[in-house]
Amino acid sequence: MLGVIGNKFSIGKETYEPFSAELHYFRIDKRYWSICFERIKKAGFRIISTAVPWNIHQSDSRGVDFNGFDDPKKDLVVFLELAREFGFKVILRPGPWVAGQVKFGGLPKFIFNDSKVLARDAAGAEVKLRDDFGVEGGSLPSYLHPNFQFFLRNYFKAFIETTKNYVHPRGPVFMVELDYETSFGRNLDPASADYNPDVLAAHYPSFLEKKYQDVKVLNNLYKEKNADFEHVDPPRKFTDLESKNYPKVLDWFRFREYILNTYLESLEDIFKTYTVEPLMFRSLYFRPGDLIPAFNLVPVDRAPFLGSNVFPEGSYFDLVNKARFLKAEYGFAFAASFASGQAAEDPEREESIAPISNNTRRFYYASGIAAGFKGLNHYMFVNRDHWHGAPLNNDGTVTDGFETAKNFNTTLSTVDFDEMAADPEIAVLGNRLYYWLREAPSPKEFPYIQKLLDDSTVGFCRDLMRLKLTYGVRENRDYESMKKYKMIFVPTTDVMSERDQEGLVELSKSGVILMLCGLMPRFDEELKPCAVLSNHFRIKTVLDYHIGTVTHKNGSFPAYVYSSIRSTDEGKVKKIATVDSKIVAICSSRFKGCMYLFTFDLASGGNHQKLSFIESVLAGEGIVSPFSCSDPSVDVSFLKKEGQGLLTIAVPPPGELSDGFEGNQKEIIIRVDLKAVGMNTPNVKLTNILEGETTTPIKTTAKDLKTGLSFMINYPDGAIYLVEKR
């Protein structure tokens, strides 16, 4: 049995805390492997992880060397034997793309000698990948090209032959990550890839035929005259589009997703042919600022293990939403690469100028727990080229961060962290169709789409964080499972599939409060007329994109306006706000769950009047936070189980939540209503688990904690307090 049970890895008959330490054997002198293992074990880890770059083990098209014949550091076999001796379970990441400041992302140079395997953009040019902290990025391969697949299969066959006797139940390897953030090298521009002519000829016609069956159906939708599916050209222009262009453009987005899923399935199937089936792992790529992954890589007929990567380049907001998406949508949030140090072109120089402080380390640890991650792969746990700030140097000696990492890992393994949870009342719904529309902008058709997604939706999430309200991030897949929420925030445009519109109506009928922001849909995803949502609520909107002054009963504030509202259901609709004489916010009580519609940029952006407006709407529905902080830039959360909990305080770098300036250090007041979070005990103690055995617990009462306790904080910083009865 391999999988996740009760927020732990289930490996055979044993369960393991889902915390692992990453080290790269090929970047560490072989004589130091044992001392690194000893220190990692001392820090409380039972699982290690490593990349296995293709180009480290195969420099030309002939032999693959996993035994270190030309360099002892490349001896993967001895590394796995040693891991078994130390009692570690192992996660392997053989790529083919592993990133991690490895040249060409881990791809061997010889495959690019064949120009046919290169991915092409809409203009037919080779797709170059960005350099990574001074390391050459190389070119993007065309994932499904038969020549690339040939080289890839040969490499993976050699990898499987070498490792099959080390895969569970025979050995320590229990999970394999195939590729890394599969996303055309993080190229989300639809014109960027992949226009490789061989791949298009082999896959594009069959993809379209499977969807439309008859080319006449496609021609009617595309407004074209194609003789057959083989003659359909893919779109190459993605700006200044008209409505008639969108069905074809949106199919291209679907085809790009099809390429990625077919590619990952081909990698997984290689393992299956060898009857070697570790837990297969897919890492999801999130564009910074987006709520959901760039691509849906979770096919309905497969159940891969999922995770995302958390690095210092992303903001605190990105870290939080990755965890909340994975937890809410798939039940378990695993940070496949959780920041433990930082990449650098010149690590020694960066370490001397801007070393990673323990304040920063505590911030990331507290952030991970506050966000909802239940599993963390500490990347990197051992320093290497192009990396600094890890808990261990690459000779196994400890750094300043070792004790903090040890305290964090060992304590979480002993306090029933896997049983602690927070149950959000609010969810924010992401719709990948809208992100596609943002990538194919039209000033005429969707002038508001970028502001709706990047400001209103993201900004509303930031406001929930400022108000200390926990929320889940959902995707428009399983509406039945969303009935557990009290309220769901939904960005809406002129376009929404009929299934999604019907799903929202059913949620409202079941009693879920809907908070819509944008416009009422008029079309489905094929741009055919579809007004299910509008017809059920008897509400229409008229596009009217401009800046105006929103007026409500308690005041006014400036905002971007998306549209105005018209309703034929006066008895069930309550007017909330206007711009001039036009209605821009209403509440409909037509069904069991109220439906709010805001047709302006609702997010506060730090505007206190707008934030108070949002807070009053939420409070009117009984949604209030059981905790607060005198500084809105400090995030506070609480995870609980019977009799105890974890109070986390995450202090992001200046400006990330407050839209203002903070000094390096200040005193804050935090209030927590323990009764409201399910802890009915009058006397408690708070122990900061990041400070280890030397820490002195704070002894207090539930009454004093509700009134407020004073804490001195740095920016950034973090604390994780175990709250228990005394």
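Up top you'll find the structure we're talking about.
Residues numbered from 1 in each chain as written. Predicted model: local features only at pLDDT ≥ 70, side-chain atom pairs only at ≥ 80, totals over all residues. Heavy atoms only, no water.

**Re the sheet that holds strand 25 (residues 644-651)**
Our working rule: Whether two strands pair comes down to DSSP finding at least two bridges between them. Only DSSP runs of H or I with at least four residues qualify as helices, and only runs of E with at least two residues qualify as strands; both kinds are numbered from the N terminus onward. Axes, fitted as lines to C-alpha atoms, cover a helix only where it is in contact. Angles between the N-to-C directions of the axes lie from 0 to 180 degrees. Throughout, a contact is declared for two residues whenever any of their heavy atoms are within 4.5 Å.
Strands sit in the order 24-25-30-27-28 across an open sheet of five strands; the sheet is antiparallel. Bordering the open sheet on either side are strand 24 (635-641) and strand 28 (698-701), each of which pairs with just one other strand. Pairwise comparison of adjacent strand axes, ignoring direction, gives a mean angle of 25° for this sheet. Both strand 24 and strand 25 contribute to a ladder of seven bridges, which runs antiparallel. The partner of Lys640 across the bridge, within strand 25, is Gly645. Strand contacts of helix 10 (residues 358-371): strand 24, strand 25 and strand 30 (717-725), with the helix running at about 55° to strand 30, the strand carrying the most contacts.

**Regarding the packing of helix 4 (residues 146-163) against helix 7 (residues 246-273)**
Two quantities define a packed helix pair, namely the angle between the axes and the distance from one axis to the other. Basically, it comes down to this: The sense of a crossing depends on the near helix, which, turned anticlockwise from the far helix by less than a right angle, makes the crossing left-handed and, turned clockwise, makes it right-handed. When residues are grouped by polarity, Ala, Val, Leu, Ile, Met, Phe, Trp, Tyr, Cys and Pro land in nonpolar, Asp, Glu, Lys and Arg in charged, and all others, Gly among them, in polar.
Taken N-terminus to C-terminus, the directions of helix 4 and helix 7 make an angle of 35°; their axes are 10 Å apart at the nearest point. For the element pair helix 4 and helix 7, the recorded crossing hand is right-handed. Contact residues: helix 4 offers Phe148, Gln149, Leu152, Arg153, Phe156, Phe159 and Ile160, while helix 7 offers Tyr263, Ser266, Leu267, Ile270 and Phe271. Residue classes in the contact of helix 4 with helix 7 are distributed as nine nonpolar, two polar and one charged.

**Describing helix 13 (residues 449-466)**
Condition: Each helix should span, by expectation, one fewer than its residue count multiplied by 1.5 Å. For a residue, the bend is simply the angle between two axes, fitted respectively to the seven-residue segment ending there and the seven-residue segment starting there. Burial here depends on accessible area, computed with a 1.4 Å probe over protein chains only, as a share of the maximum for the residue type. Under 20% is buried, over 50% is exposed, and the range in between is partly exposed.
With 18 residues, helix 13 should cover 26 Å at 1.5 Å per step; its first-to-last C-alpha distance of 24 Å lies within 8% of that length. Along helix 13, the helix axis deviates most sharply at Gly459, where the bend reaches about 25°. Of all 18 residues in helix 13, 14 are buried, a share of seventy percent or more. A positive backbone phi angle near 60° is found at Lys468, which sits one or two residues after helix 13.

**A closer look at the packing of aromatic side chains**
What counts here: Between 30 and 60 degrees the pair is tilted, below 30 it is stacked and above 60 it is edge-to-face, where a pair is any two Phe, Tyr or Trp rings, Trp via its six-membered ring, whose centres lie within 6.5 Å.
Taken as a whole and judged by the stated rule, the model has 64 aromatic pairs. Between the aromatic rings of Trp33 and Phe79, the centroid separation amounts to 5.5 Å while the plane-to-plane angle is 85°, which identifies the pairing as edge-to-face. You can see Trp33 sitting in helix 1 (residues 33-42) and its partner Phe79 sitting in helix 3 (residues 76-85), a full 46 residues away along the chain. Of the residues examined, Trp33 reaches a relative accessible area of 1% and is grouped as buried. Residue classification places Phe79 among the buried residues on the basis of a relative accessible area of 0%. With centroids separated by 6.0 Å and ring planes inclined at 45°, the aromatic side chains of Phe305 and Phe332 adopt a geometry described as tilted.

**Some words on a nonpolar patch on the surface**
Our working rule: Distance thresholds for patches are 9 Å for like charges and 5 Å for nonpolar side chains (Val, Leu, Ile, Met, Phe, Trp, Tyr), applied to residues having over 30% relative accessible area and no salt bridge. To measure how exposed things are, a 1.4 Å probe is used in the Shrake-Rupley method; for residues, cover is taken only from the protein chains shown. By convention in these notes, a salt bridge is any Lys or Arg side-chain nitrogen within 4 Å of a carboxyl oxygen on Asp or Glu.
A cluster of nonpolar residues, Leu543, Tyr545, Ile547 and Tyr560, forms a patch on the protein surface that exposes about 350 Å² of accessible area. The biggest single contributor to the nonpolar patch is strand 18 (residues 539-552), with three residues. Along the polypeptide, Ile547 turns up in strand 18. A relative accessible area of 57% means that Ile547 is categorised as exposed.

**A word on the nonpolar core**
The line we're drawing: Within this scheme, the nonpolar core is defined by two criteria: the residues are buried Ala, Val, Leu, Ile, Met, Phe, Trp, Tyr or Cys, and they are joined through side-chain atoms within 4.5 Å.
The biggest cluster of nonpolar side chains holds 222 residues, and the ones touching the most others in it are Ile40, Phe373, Tyr471, Met515, Phe600, Leu602 and Leu618. In contact with Tyr471, other than residues within four places in its own chain, are Phe317, Val320, Asn321, Arg324, Pro424, Ile426, Val428, Cys461, Leu464 and Met465. Formed by 25 residues, the second largest nonpolar core is a distinct cluster that contains Val672, Val677, Tyr715 and Ala719.

**Quick word on helix 6 (residues 215-222)**
Selection rule: This arc corresponds to the set of directions leading from the helix axis out to the C-beta atoms. The term polar contact refers here to a pair of N or O atoms within 3.5 Å; inside protein, the definition further demands a hydrogen-donor-capable atom paired with an acceptor-capable atom, and it admits residues adjacent in sequence only when both atoms are side-chain atoms.
Those residues of helix 6 lying buried are Val215, Leu218, Asn219, Leu221 and Tyr222. For helix 6, the angular spread of buried residues about the axis comes to 165°, placing them on one side. In this structure, helix 6 carries Lys216 and Asn220 as exposed residues pointing more than 90 degrees from its buried face. Considering only its buried residues, helix 6 is in contact with helix 5 (197-212) and helix 7. N-cap assignment for helix 6: the residue whose side-chain oxygen lies 2.9 Å from the backbone N of Lys216 is Asp214. Looking at the residues trailing helix 6, positive phi occurs at Lys223, about 60°.

**A word on the sheet that holds strand 12 (residues 375-379)**
The strands making up a sheet associate through backbone hydrogen bonding, with each pair oriented either parallel or antiparallel. The strand order around the closed barrel built from eight strands is 4-5-6-7-8-9-10-12, with neighbouring strands paired in parallel fashion. Taken over all neighbouring pairs, the strand axes of this sheet differ in orientation by 25° on average, direction set aside. Examined bridge by bridge, strand 4 (residues 19-22) and strand 5 (residues 47-51) share three bridges and lie parallel to one another. Opposite Glu22, over in strand 5, you have Ser49 as the bridge partner.

That is the geometry; function is a separate question.
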